[in-house]
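Coordinate inspection notes
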Amino acid sequence: MKKYTIYADNNFLNKDTKAYYTLDYYGGENNDDTKFILTFKNTFCWEKINDLKNAKAKAENILISDLSEIITLENLDECTIVSVPRAKALNTYVPEQLCLIEAISCATKSINNAVDGTNYILRYKNTKTTHLGRVTGRISAQGNIPKGNNANDGPEPYPGITRDTCNINADRIKGQTIILVDDIYTADCNVDEDCIQALYDAGAKEVIFYSFAKTVKRY
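Below: a short report on this structure. Small disclaimer: the values here were computed from a predicted structure and weren't measured.

Calculation notes
Residues numbered from 1 in each chain as written. Predicted model: local features only at pLDDT ≥ 70, side-chain atom pairs only at ≥ 80, totals over all residues. Heavy atoms only, no water. Helix = DSSP H or I, 4+ residues; strand = E, 2+ residues; numbered from the N terminus. Buried < 20%, exposed > 50% of the residue type's maximum accessible area, 1.4 Å probe, protein only. Areas by Shrake-Rupley, 256 points an atom, 1.4 Å probe, with all protein chains shown as cover. Salt bridge = Lys/Arg side-chain N within 4 Å of Asp/Glu carboxyl O. Phe/Tyr/Trp six-rings, centres within 6.5 Å; stacked < 30°, edge-to-face > 60°. Lys NZ or Arg CZ within 6 Å of the ring centre and 35° of its normal. Core = buried A, V, L, I, M, F, W, Y, C linked by side-chain atoms within 4.5 Å. Contact = heavy atoms within 4.5 Å.

Okay, the overall build of the chain next. Each helix and strand in the chain was counted, giving six helices and eight strands. When the elements of the chain are put in sequence order from the N terminus, they spell out β-β-α-α-β-α-β-β-α-β-α-β-α-β. Counting across all 219 residues of the chain, residues that qualify as buried make up 52%. Carbon and sulfur atoms provide 45% of the accessible area of the chain, an area that totals close to 10,700 Å².

Here it is, written out as structure tokens:
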């Protein structure tokens, strides 16, 4: 697992944030180490049930190991595990598209001193799915996404988009140390930065960010 800092160098985030990840992500679907992430995204509901089950199981194993290590490294007596919400309103997804949230919830129940906060930030209004342009070969000519979303609608990331498009349970977040979990971190996308800031605005004591992978450029 690798540690880095998400710096407060734009309008999305007001405080430098500790961050961790395990895998380097180069984009596309040919990286065997990170292919499971694109499987459980299941953006177009094209994935086979067995593939989804395998991807979810792999995600749970990684989460249990990595989140437990973060808790130890950061000397946390207790923390709350929160997930970055998917881009579209929650009620537009089918269960097969929510494998990451399920994996985070299941993994949290196996980790000492961790509280399941996967329902503390829930998207109710569509935003633009920023990763679609990076998923080679998976986009229809119209840029369609499935199940109630006829196009990739919604605004691009802007400061405060999490607050404006999500129900945030500030009562549960206030005063807590949060580990915020996402699948892939991409610098300059700012979705994760805005979600971190939303947690601070809701009264979080500290936010630590974790993703399975971090986008890196090939040179």
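What follows concerns the pattern of salt bridges. Counted according to the given criterion, the structure contains ten salt bridges. Salt-bridge contacts for Asp-153 lead to Lys-88; the nearest nitrogen and oxygen are separated by 3.4 Å. Here the residue Asp-153 occupies a position in the loop between β5 (121-123) and α4 (161-165), and Lys-88 occupies one in the loop between β3 (79-83) and α3 (99-108), the gap between them amounting to 65 residues. For Lys-109, the salt bridge is made with Asp-116, and the minimal N-O distance between the two is 3.2 Å. With relative accessibility at 25%, the residue Asp-116 sits in the partly exposed group.

Summed over the entire model, instances satisfying the criterion amount to eight aromatic pairs. Taking 5.8 Å as the distance between ring centres and 70° as the angle between the ring planes, the aromatic pair formed by Phe-36 and Phe-40 counts as edge-to-face. In this pair, Phe-36 and Phe-40 are both assigned in helix α1 (residues 35-41), four residues apart and thus about one turn of the helix distant. Ring centres 5.7 Å apart and planes at 90° place the aromatic pair Phe-36 and Phe-212 in the edge-to-face group. A residue pair is termed long-range when its members are at least 10 positions apart, and Phe-36 in helix α1 and Phe-212 in strand β8 (residues 206-215) qualify at 176 residues. Taken individually, Phe-36 and Phe-212 each receive the classification buried, so the pair is uniform in this respect. Among the aromatic side chains, those forming a connected cluster through ring pairs are Tyr-4, Tyr-21, Tyr-185 and Phe-209. Above the plane of the ring of Tyr-4 lies Lys-214, whose end atom (NZ or CZ) is 5.1 Å from the centre.

Attention now moves to the nonpolar core. Among the nonpolar cores identified, the biggest contains 32 residues, and Phe-36, Phe-40, Leu-63, Leu-67, Ile-179, Tyr-210 and Phe-212 are the most heavily contacted of them. Sorting the residues of this core by element identifies β2 (17-25), α1, α2 (49-73), β3, α3, β7 (177-185) and β8 as the ones contributing at least two each. A total of eight residues in this core trace back to one element, the largest contributor, which is α2. The contact partners of Leu-67, leaving out residues within four places of it in the chain, are Ile-81, Ile-111, Ile-179, Val-181 and Tyr-210. The next biggest cluster of nonpolar side chains, apart from the first, holds 22 residues, and it includes Leu-180, Tyr-185, Ala-202 and Val-207.

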